[in-house]
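Overview (structure and organization)
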Amino acid sequence: MALMFLAAAIIAAIAVAGPIPARYEVLKDFQPSIAAVIALVAAGVAYVRATASVRYNRQADAQKVRNEKLGLYLRLRSQIHRMMTDAVQTAHDIDDQVKAILNDSNRVPRVPRAHFGLRSDLDELERAWQRLDFFPAPAFGPIETIRSHVKRLAHSDESEKEALDLAYARIYARSCTILFEEGRTLADILDGEIEQIRGCNL
């Protein structure tokens with residue numbers, strides 16, 4: 001690269017100051033070399049421009065991917081936090097109902113349907129499942145576990161029974177606890193990824 005700039009400087013000096021006094025026979029011997037230097041300089045300039053364009057395109061593509069990841073991470077984290085709140089509240093509510101039933105022999109050993117209130121509208125979780133390539137490997141397990149339990153509980157909530165027996169109520173509550181724990185793990189991973197992307201965007 002330094003040789004290219006030196007050759008360009010020599011050529012520019014000749015263009016400004018005029019040709020160096022010399023016999024034509026001497027200059028004629030250097031014509032192929034001068035032509036080669038000029039061609040080399042031109043090729044170098046073209047190469048620099050081409051590589052600069054490639055670097056810019058790569059940086060632009062990388063920035064676009066980071067922005068897509070950041071948007072997905074932020075939306076998913078918001079839904080996961082809401083799910084965690086619903087899950088822990090539902091688990092506590094069902095546990096309280098089970099304890100109350102066990103402490104009262106006169107009560108029917110069934111938990112009313114109204115206490116099974118976990119929401120399953122986690123559309124960002126499905127987007128995450130479709131774009132696992134956007135996520136680090138440690139996130140795969142929590143995403144799969146949460147998705148599986150949410151689908152299972154949503155299917156159970158389609159039942160038309162007004163009350164469910166204690167065994168099922170305990171299973172439902174346990175699933176809610178798992179959702180909370182896995183949600184916390186995934187939220188921590190997302191927080192780290194979000195912080196890293198924002199650091200790259202500074």
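Treat the numbers as computed from the prediction; the structure is a model and nothing was measured. (Residues numbered from 1 in each chain as written. Predicted model: local features only at pLDDT ≥ 70, side-chain atom pairs only at ≥ 80, totals over all residues. Heavy atoms only, no water.)

Once that is clear, we can look at the overall build of the protein chain. Tallying secondary structure elements over the protein chain gives 5 helices and 2 strands in all. Listed N to C, the secondary structure of the protein chain is α-α-β-α-α-β-α in terms of helices and strands. Relative to its 202 residues, the protein chain shows a buried fraction of 28%. Sequence-distant contacts in the protein chain: of pairs separated by 6 or more residues, those separated by 24 or more amount to 82%. (Helix = DSSP H or I, 4+ residues; strand = E, 2+ residues; numbered from the N terminus. Buried < 20%, exposed > 50% of the residue type's maximum accessible area, 1.4 Å probe, protein only. Contact = heavy atoms within 4.5 Å.)

A word on the confidence of the model for the protein chain. In this model, the protein chain carries an average pLDDT of 80, and 75% of its residues clear a pLDDT of 70 or more. For the protein chain, per-element mean pLDDT is lowest for helix H1 (residues 2–17), which scores 51, and highest for helix H3 (residues 123–130), which scores 93. (pLDDT = per-residue confidence, 0-100.)

Looking now at the packing of aromatic side chains. Within this structure, the stated rule accounts for 2 aromatic pairs. A cation over a ring is seen here: Arg 131 above Phe 134, with NZ or CZ 3.9 Å from the ring centre. (Phe/Tyr/Trp six-rings, centres within 6.5 Å; stacked < 30°, edge-to-face > 60°. Lys NZ or Arg CZ within 6 Å of the ring centre and 35° of its normal.)

With respect to the element layout, His 81 can be found in helix H2 (residues 24–102). Of the residues examined, His 81 reaches a relative accessible area of 36% and is grouped as partly exposed. As a C-alpha pair, His 81 and Phe 180 span 99 residues in sequence and 8.9 Å in three-dimensional space.

Moving on to the pattern of salt bridges. For the coordinates displayed, the defined rule picks out 7 salt bridges. Between Lys 151 and Glu 126 there is a salt bridge; the shortest N-O distance is 4.0 Å. With a gap of 25 residues between them, Lys 151 in helix H4 (residues 140–157) and Glu 126 in helix H3 connect regions that are remote in the sequence. Relative accessible area serves as the criterion here: at 46%, Lys 151 is assigned to the partly exposed category. Ionic pairing is found between Arg 131 and Asp 133, a salt bridge with its closest N-O pair at 2.7 Å. Under the relative-accessibility criterion, Asp 133 is labelled exposed at 53%. (Salt bridge = Lys/Arg side-chain N within 4 Å of Asp/Glu carboxyl O.)

With that settled, the discussion passes to H3. Glu 124, Leu 125 and Ala 128 are the residues of H3 that are buried. Buried residues of H3 fall within an arc of 105° about the axis and therefore sit on the same side. (Arc of directions from axis to C-beta.)

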